[in-house]
Each structure stands twice: as structure tokens, then as C-alpha cells.
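Descriptive structure summary
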Amino acid sequence: MSSALAAKLVRARESTVTAGGRTFVIRRPTPGEIATMPEDSHFLDFVKKFVVGWDLKEIDVDPGGTDVAIPFHRGLWEAWIVDQQAIYVELAEKIKAAIDAHNAKLEADEKN
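Residues numbered from 1 in each chain as written. Predicted model: local features only at pLDDT ≥ 70, side-chain atom pairs only at ≥ 80, totals over all residues. Heavy atoms only, no water.

A short note on the environment of Ala 79
Relative to the helices and strands, Ala 79 is located in helix H5 (residues 74–81). Remark: the alpha-carbon pair of Ala 79 and Val 61, spanning 18 residues in sequence, is separated by 9.8 Å. (Helix = DSSP H or I, 4+ residues; strand = E, 2+ residues; numbered from the N terminus.)

Some words on the packing of aromatic side chains
Under the criterion given, the structure shown has 9 aromatic pairs. Here the aromatic rings of Phe 43 and Tyr 88 are separated by 6.0 Å at their centres, their planes lie at 50 degrees, and the arrangement is tilted. Of this pair, Phe 43 sits in helix H3 (residues 43–50) while Tyr 88 is found in helix H6 (residues 85–111), placing the two residues 45 residues apart along the sequence. A relative accessible area of 37% places Phe 43 in the partly exposed class. An aromatic cluster is present here, built from Phe 24, Trp 54, Phe 72, Trp 77 and Trp 80 joined pairwise through their rings. (Phe/Tyr/Trp six-rings, centres within 6.5 Å; stacked < 30°, edge-to-face > 60°. Buried < 20%, exposed > 50% of the residue type's maximum accessible area, 1.4 Å probe, protein only.)

In C-alpha cells form, the structure reads like this:
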């Protein structure tokens, strides 16, 4: 039961976004995760860590690939995204927007 509840809490921080015409799943970092990121972290580090899914085909990551959907794989993700500047910048903005929206909700809840 506890592991199911923990998984539910993590999934509650996930959302589906579009960047570069492709679909990704991001997970809003918790304040604790943000606080423990190294001080010299680049926003690309956040994108690598807090994108947790995608809806990509082989051809999206390999020009010689096929139209077959590929499951999300952390290593492949990190190898691919570093060459996709426009996409990782857009994803960083979406992750920041998720953080900002969460903080705004917390502030509104405190006022009520």
C-alpha cells in the first residue's frame, strides 16, 4: 500500500507537455529536489532529470530510424537531448512553469 501511495504522489507531479512539436512527460521537482541540486547546475541538468517520459518514434531520435514508437529510456534521453537545444530550452521553461504554478497554488491555499 505504501509503495502504491508513493507512486501516486510522484505521478501527481507529472504532466504532459509539448516541445519542439513532440510530446514529453515532465515531473515537477519538489522543493527538496531543487535544494539538493548542485549550485552550478545548468537548466539542462533539470531537463535531463525531470523529463520522465516521451511519445517519440525511432525516426525522431535517429534520422535513419523507423516509425516505431520507442519506450522512454533515461540513457537514450540524456544522449539525445544534449543536441536538441531548442527543445531543452522549451522543456526547461515548462518545468519552471510547473514549479511556479505549484508555488502559486500553495500561496493561494495559505491565504484561504
